[in-house]
Amino acid sequence: MASGTEGSSSTAHRHTNRLAKEKSPYLLQHAHNPVDWYPWGQDAFDKAKNEDKPIFLSVGYSTCHWCHVMERESFEDEDIGIFLSENFVCVKVDREERPDVDKVYMTFVQATSGGGGWPMSVWLTPDLKPFIGGTYFPPRDQRGRPGLKTVLTRILDQWKNNRPALETNGDRILEALKKGTSIAANPGESPPFAPDVAKGCFKQLAHSYEEEYGGFRDAPKFPTPVNLMFLMTYWSVNSATTEGVEALQMALHTLRMMALGGIHDHIAKGFHRYSTDSFWHVPHFEKMLYDQSQLAVAYITAFQVSGERFYADVAKDILLYVSRDLSDKSGGFYSAEDADSVPPSGGPEKREGAFCVWTASELRRLLPDVVEGATGSATQADVFMHHYGVKEQGNVAQEQDPHGELQGQNVLIVRYSVELTAARFGLDVEKVNELLASARAKMAEVRKSRPCPHLDTKMLASWNGLMLSAYARVGAVLGDKALLERAVQAGNFLKEHLWDAEQQTILRSCYRGDQMEVQQISPPISGFLDDYAFVISGLLDLYEATLQTEWLQWAEELQLRQDVMFWDDQGGGYFCSNPNDSTVLLQLKEDQDGAEPSANSVSASNLLRLSHYTGRQEWLHKSQQLLAAFADRLTKVPIALPEMTRALLAQHYTLRQIVICGERDAPETTSLLSVVHSIFLPHKVLMLIDGDAECFLCQRLPVLASMSQKGGAATAYVCQDFTCSLPVTDPQELRRLLLDVNMEKPTE
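Every value quoted in this text rests on a predicted model; they were computed, and no experiment measured them. (Residues numbered from 1 in each chain as written. Predicted model: local features only at pLDDT ≥ 70, side-chain atom pairs only at ≥ 80, totals over all residues. Heavy atoms only, no water.)

## Things to note about the side chain of Arg486
Using the following cut-off: Under the DSSP-based scheme used, a helix requires at least four consecutive residues in state H or I and a strand at least two consecutive residues in state E, with every element numbered from the N terminus. Residues adjacent in sequence count toward polar contacts only when both atoms are side-chain atoms; beyond that, a polar contact is any pair of N or O atoms within 3.5 Å, and within protein one must be able to donate a hydrogen and the other to accept it. Whether two residues are in contact is decided by their heavy atoms: any pair within 4.5 Å suffices.
Note on placement: Arg486 falls in helix 18 (residues 481–497). A distance of 3.4 Å separates a polar side-chain atom of Arg486 from the backbone oxygen of Gly332. When near neighbours in sequence (up to four residues on either side) are disregarded, Arg486 contacts Ser327, Asp328, Gly331, Gly332, Phe333 and Tyr471.

## Some details on the pattern of salt bridges
Quick note on the threshold: A carboxyl oxygen of Asp or Glu within 4 Å of a side-chain nitrogen of Lys or Arg is what we treat as a salt bridge. Residue burial is assigned from relative accessible area. The probe radius is 1.4 Å, only protein chains are included, and a residue is buried under 20% of its type maximum, exposed over 50%, and partly exposed in between.
Applying the stated criterion across every chain, the model contains 40 salt bridges. Among the ionic pairs, Asp265 bridges to Lys287, the shortest N-O distance being 2.9 Å. Taken as a pair, Asp265 in the loop between helix 10 (242–260) and strand 6 (274–275) and Lys287 in strand 8 (residues 287–288) lie far apart in primary sequence, 22 residues in all. Among the residues examined, Lys287 registers a relative accessible area of 3% and is labelled buried. Glu618 is paired through a salt bridge with Arg616; the nearest N and O atoms lie 3.2 Å apart. Residue class for Glu618 comes out partly exposed when judged on its relative accessible area of 39%. Its relative accessible area of 24% is what places Arg616 among the partly exposed residues.

## Observations regarding empty space enclosed by the protein
Here is the rule: Points on a 1 Å grid, built from protein atoms alone, make a cavity when a 1.4 Å probe fits but cannot get out and make a pocket when they are open with protein on both sides within 12 Å along at least 5 of 7 lines; residues with an atom within 4 Å of a point are the lining residues. Grid points are joined across faces, edges and corners, and a volume is the space filled by probe spheres set on the points. Under this grouping Gly is polar, as are all residues other than the nonpolar Ala, Val, Leu, Ile, Met, Phe, Trp, Tyr, Cys and Pro and the charged Asp, Glu, Lys and Arg. The domain boundaries here were taken from an automatic or database domain assignment.
Counted under the stated rule, the structure contains 5 cavities of 30 Å³ or more. Those elements that place two or more of their residues in the lining of the largest cavity are helix 9 (225–237), helix 11 (289–306), helix 17 (461–478), helix 19 (529–546), helix 21 (599–614), helix 24 (642–653) and helix 25 (667–678). Class assignment for the residues of the lining of the largest cavity results in 21 nonpolar, 11 polar and 7 charged. Domain assignment of the residues forming the lining of the largest cavity places at least three in each of domain 2 (212–327) and domain 4 (654–747).

## Here we look at the sheet that holds strand 16 (residues 509–512)
Going by this rule: Two strands make a pair as long as DSSP finds a minimum of two bridges between them.
The antiparallel open sheet is built from 3 strands, whose spatial order is 13-16-17. Either end of the sheet is taken by a strand with one partner, and the two such strands are strand 13 (459–460) and strand 17 (518–519). One ladder, built from 2 bridges, connects strand 13 with strand 16; its direction is antiparallel. If you follow Met459 over to strand 16, its bridge partner there is Cys510.

Below you can see the structure in the form of structure tokens.
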């Protein structure tokens, strides 16, 4: 539904710089600035050294609202463009292409200015050391805040007249950052005690929990799926305690209120980036792939633990949106959809949310039919507007609309249950559901005719790995063959387009070309830690969903490669980027599960799961070393690492092996697998043995040879360290066994 990559039109431009040769949608957005931009690379570094000029590094991403603002105000300004080009080597970086570069300089900006964000503006010496940094700058001085032109003039003056002090200060800060960001285990250190860390994480989340609308802290309010997955995992091992019940209630209430709120796109489906208010109503309208993937998993997990179809429907809706609007025909997934677009009424300026919002008069024209049997001769518009909180004057408060872009507009939010709406208009519930569904379908058709927001068609290995997990897990829980086929298609895409078999390297990104073909840049960007970790996790989920061992084999291969490229032999854990890259000045280990989980958190789980699938004890030890390296952070601020805390719990409770013996597609095998997938079992690995003694798993785990079908029927074994329960063939018996196992606690 969104429009494709900018920069491919044949419109004549006054200026064209070397970014026109790039594939990143963000870099292409700047290809016609009057700025002599370089992409990050040796050409820029050589120019800076040869001409002895400072580097101006500008970092952002294609769906970043304030990046658009700074481009429009400053980088399209002829005077500023000339000043930048004459006095600096100007470098543009797409933070989604080069998270390694972004992390290093964002760490500097946060340390020196107390804040961070995008666009990020940093000034570097020719040897890439930062000496001044900030974020958005207006073009000219305003309200006591220096404009970009003033900042550039001052920096140039300091560079010419006070350079030694600038460089010394930059060196000092960089050394402090190297020490301050170091994460390592002490020799012989063990991971912290999981129940204590988990309890601390729960208490910190409970303290920041907002009871009325769910979520954590006040506005702006982010979905934070990592928090919600932790809470449901905490419940699974504490379900008999009041704290466990409270954790589950916090997660389910948050997920429900988000789904009812304006952060959820009720017409096109999917979720916007965050809510600007505390009740999930007015969002920042950008849609990111990583949010869709993690939220789909959170909602299907909520369905597993609650049995409420509401949550499963939201999970399916998210994947419907991704399949329709963020999917490439190759099987890959696009990165994001912008918040800004041209209003339906036209005009030169894009506006935030223009694609998604509605006036009351629009809805009255679109939904004019009187509803038979409704009180007061109500129309379909009356019913819809009541249910979704639509007001004649618009429903966006002035404080949520500082730029006046949403004046008179309505952001849909479910204000009443279907039952209350039905009672209000004297209708039955089924009739109201039909009316609302019909209205949404008509509105979806209208949306198709509106100017679309920009679509970032870059395809990233890491986010595609997250999305692979979502399709595999939702498809497995619902037994939905179409979703599982889409998951396999995504796995094939990753192997075909983002895996260099010759170099044994994951590639960071690929791109949609003008003819809808998949393109690559030369040389391609090698994958980072999150690319490996998220793809491996996705492949393990895909194996459990399809039980096709090729995915398990590739996951093992990738983990071996990840260990070679990123493992820290001295301190334990993984570096975010290849430590051999001399252009990356800080070797960082991400210590926060934020909008995306930390790749170390995901790796801790991957290593544990793979150790059970392959029998490689060194991976169990690596997982423990990794958790020990983060022990200080886990103990003091567990709320910063809820996903890693989940991995720590998995270590503590140990993974159960669920082994199904039977033909993969036989009905009785499917019945047993359906039971396994229907229950939230965070501490398990699932295996299928189909009688082939030469199979991947049998070769690595000789103990499996002793397991077989009983009486010719598909048979399940539930084991811990391959000490197994009595085999069962009845699905209900298996359900009872799994529920009993799920309630067991380890001896402490």
